[in-house]
Amino acid sequence: QKQGLVVLLPWGDANEKQRAEAIAKASSAKVLPKSSLDQLAYCLQQATVVVGSDTGLSHISAALGTKTVGLYGASNSALTGLIGEKAQSLQADFQCSPCLKRDCPLVKGNEIIPCYQTIGPDVVFKSLGNLQS
């Protein structure tokens, strides 16, 4: 946002929508309306950059040639990393990552998953800067 980019937050279910709304409330990000996969793919193709976790949207973005950085905590970037000329996968540097678990046993309530804390904004921005234009 400090670089003049508008941050858009997609969501797929009620929990994701609630999380996106909380992020938007604490920042100037905007929550996208409920969207079809076609609509989201178009948005990803038009984006300047995409940052996401190991989800289908990140993989679609990378395949479309959008600058994309994927954040890998529990999942293994060596197995399911992003593929594309303008894509990079960042694996968490945490003692149990990748653990391949759906739910982190270290998290209580709505805490941030610890392994993702090792992939901070500075690491993401550096990675985006290293990608081809």
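Residues numbered from 1 in each chain as written. Predicted model: local features only at pLDDT ≥ 70, side-chain atom pairs only at ≥ 80, totals over all residues. Heavy atoms only, no water.

Engineer: I'd like to hear about the environment of Leu40, residue by residue, with values.
Structural biologist: With respect to the helices, strands and loops of the structure, Leu40 is situated in helix H2 (residues 37–46). Exposure remark for Leu40: the relative accessible area of 11% places this residue in the buried category. Each C-alpha atom, one on Leu40 and one on Asp103, is 26 Å from the other, the two residues being 63 residues apart in sequence. Every residue in contact with Leu40, bar those within four places of it in the chain, is listed here: Pro10, Leu32, Ser35 and Leu57. (Helix = DSSP H or I, 4+ residues; strand = E, 2+ residues; numbered from the N terminus. Buried < 20%, exposed > 50% of the residue type's maximum accessible area, 1.4 Å probe, protein only. Contact = heavy atoms within 4.5 Å.)

Engineer: Please provide a residue-by-residue account of the nonpolar core, values included.
Structural biologist: Generally speaking, soluble globular proteins have nonpolar side chains that are buried together. By size, the foremost hydrophobic cluster in this structure holds nine residues: Val69, Leu71, Leu90, Ala92, Cys115, Ile119, Val124, Leu128 and Leu131. Looking at this core, the elements that each hand over two or more residues are strand E4 (67–72) and helix H5 (121–130). (Core = buried A, V, L, I, M, F, W, Y, C linked by side-chain atoms within 4.5 Å.)

Engineer: Explain the packing of H2 against helix H3 (residues 56–64) residue by residue, including any values.
Structural biologist: Closest axis-to-axis distance for the H2/H3 pair is 9 Å, and the angle between their directions is 50 degrees. In terms of orientation, H2 lies oblique with respect to H3. As H2 runs across H3, the sense of the crossing is right-handed. Residues Leu37, Leu40, Ala41, Leu44 and Gln45 of H2 lie in contact with H3, whose contacting residues are Leu57, Ile60, Ser61 and Leu64. Here the contact of H2 with H3 is composed, by residue class, of seven nonpolar, two polar and no charged. (Axes fitted to C-alpha atoms, helices over the stretch in contact; angles between N-to-C directions. Parallel < 35°, antiparallel > 145°, perpendicular 65-115°, else oblique. Left-handed = near helix turned anticlockwise from the far one by under 90°. Nonpolar A, V, L, I, M, F, W, Y, C, P; charged D, E, K, R; others polar.)

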